[in-house]
Amino acid sequence: MASASLSSVQRLRLYRQYSVCVSALAVKLGIKHPDPVVETSSLSSILPPDVWYKLSIPEEVMDTGALSALQLEAIVYASQKHETLLPSGQRAGFLIGDGAGVGKGRTLAGVIQENYLLGRKRALWLSVSNDLKYDAERDLSDIGASKIKVHALNKAGDGSFCINIVLHFLFNTR
């Protein structure tokens, strides 16, 4: 009877340790991510896009380790994509599809902070749980962006208060 679990040799063929592509990034990388991160072998064979974007996030935030090199890499790619204007005049978006333990919330806080520093002060953060609103506030505070206020959209009632908070971001669980 064949075992349902993969052997260590099979896992080595399917996954590779992920590392930030230093040659592709023209930014300061911060510190190594605290947890091991893997990607599929097929994905690791693809070169990442060239980087031309320079972050506005203060270097001291990078130096403290509040954002790891892995998270900074995602922030750079997201920010670079946000510089693209679509034919409609809207900015292009970016999807963060990382697995558990990578720090998607911290990365998203970094993307919001980067946009805020560039004068783009509106963001919408969708989440599965209202409890994660407090995690979002903590992540913003931890990266030196506590001035960015978080407003829960489900507390908006008829939505009329949304007009008054265009300089911050909305957090929604729907």
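Treat the numbers as computed from the prediction; the structure is a model and nothing was measured. (Residues numbered from 1 in each chain as written. Predicted model: local features only at pLDDT ≥ 70, side-chain atom pairs only at ≥ 80, totals over all residues. Heavy atoms only, no water.)

Novice: Can you lay out the overall build of the chain for me, pointing to particular residues and giving the numbers?
Specialist: For the chain, the count of helices and strands is 6 helices and 5 strands. Put simply, the chain runs from its N terminus to its C terminus through helices and strands in the order α-β-β-α-α-α-α-β-α-β-β. Within the chain, the proportion of its 174 residues that are buried is 34%. Contacts in the chain between residues far apart in sequence, at least 24 positions, make up 65% of those at least 6 positions apart. Carbon together with sulfur atoms contributes 57% to the accessible area of the chain, which is approximately 10,700 Å² in total. (Helix = DSSP H or I, 4+ residues; strand = E, 2+ residues; numbered from the N terminus. Buried < 20%, exposed > 50% of the residue type's maximum accessible area, 1.4 Å probe, protein only. Contact = heavy atoms within 4.5 Å. Areas by Shrake-Rupley, 256 points an atom, 1.4 Å probe, with all protein chains shown as cover.)

Novice: Before we move on, could you go through helix H5 (residues 104-117) and cite the residues and values that matter?
Specialist: Since there are 3.6 residues in each turn of an α-helix, residues three or four apart along the chain are aligned in direction. Here H5 contains 14 residues, and its C-alpha end-to-end distance of 20 Å stays within 8% of the 20 Å for a straight helix at 1.5 Å per residue. Along H5, 10 of the 14 residues are buried, which leaves the element largely enclosed by surrounding structure. Looking at H5, one finds that the buried residues are Arg106, Thr107, Ala109, Gly110, Val111, Ile112, Gln113, Glu114, Asn115 and Tyr116. Immediately beyond the C-terminal end of H5, within one or two residues, lies Gly119, with a positive phi of roughly 90°. (Expected span 1.5 Å × (residues − 1).)

Novice: Which residues make up the pattern of salt bridges, and what are the values?
Specialist: With the rule as written, the count across this model stands at 7 salt bridges. In this structure, Arg120 and Glu83 form a salt bridge, with 3.3 Å as the shortest nitrogen-oxygen distance. Here Arg120 is found in the loop between H5 and strand E3 (123-126), whereas its partner Glu83 is found in the loop between helix H4 (69-82) and H5, with 37 residues between them in sequence. Given a relative accessible area of 33%, Glu83 falls into the partly exposed group. (Salt bridge = Lys/Arg side-chain N within 4 Å of Asp/Glu carboxyl O.)

Novice: Can you explain the packing of aromatic side chains? Please cite residues and give values.
Specialist: According to the stated counting rule, one finds 1 aromatic pair in the structure shown. It is Lys121 that lies over the ring of Tyr116; its NZ or CZ is 4.0 Å from the centre. (Phe/Tyr/Trp six-rings, centres within 6.5 Å; stacked < 30°, edge-to-face > 60°. Lys NZ or Arg CZ within 6 Å of the ring centre and 35° of its normal.)

Novice: Give me the packing of H4 against H5: which residues, what numbers.
Specialist: Between two packed helices, what matters for the description is the angle formed by their axes and the separation of those axes. Their axes nearest at 9 Å, the elements H4 and H5 cross at an angle of 45°. With respect to each other, H4 and H5 are oriented oblique. Where H4 crosses over H5, the handedness of that crossing is right-handed. Between H4 and H5, the contacting residues are Gln71, Ala74, Ile75, Ala78, Ser79 and His82 on the first element and Arg106, Thr107, Gly110, Val111, Glu114 and Asn115 on the second. When the residues that make up the contact of H4 with H5 are grouped by side-chain class, the tally is 4 nonpolar, 6 polar and 2 charged. (Axes fitted to C-alpha atoms, helices over the stretch in contact; angles between N-to-C directions. Parallel < 35°, antiparallel > 145°, perpendicular 65-115°, else oblique. Left-handed = near helix turned anticlockwise from the far one by under 90°. Nonpolar A, V, L, I, M, F, W, Y, C, P; charged D, E, K, R; others polar.)

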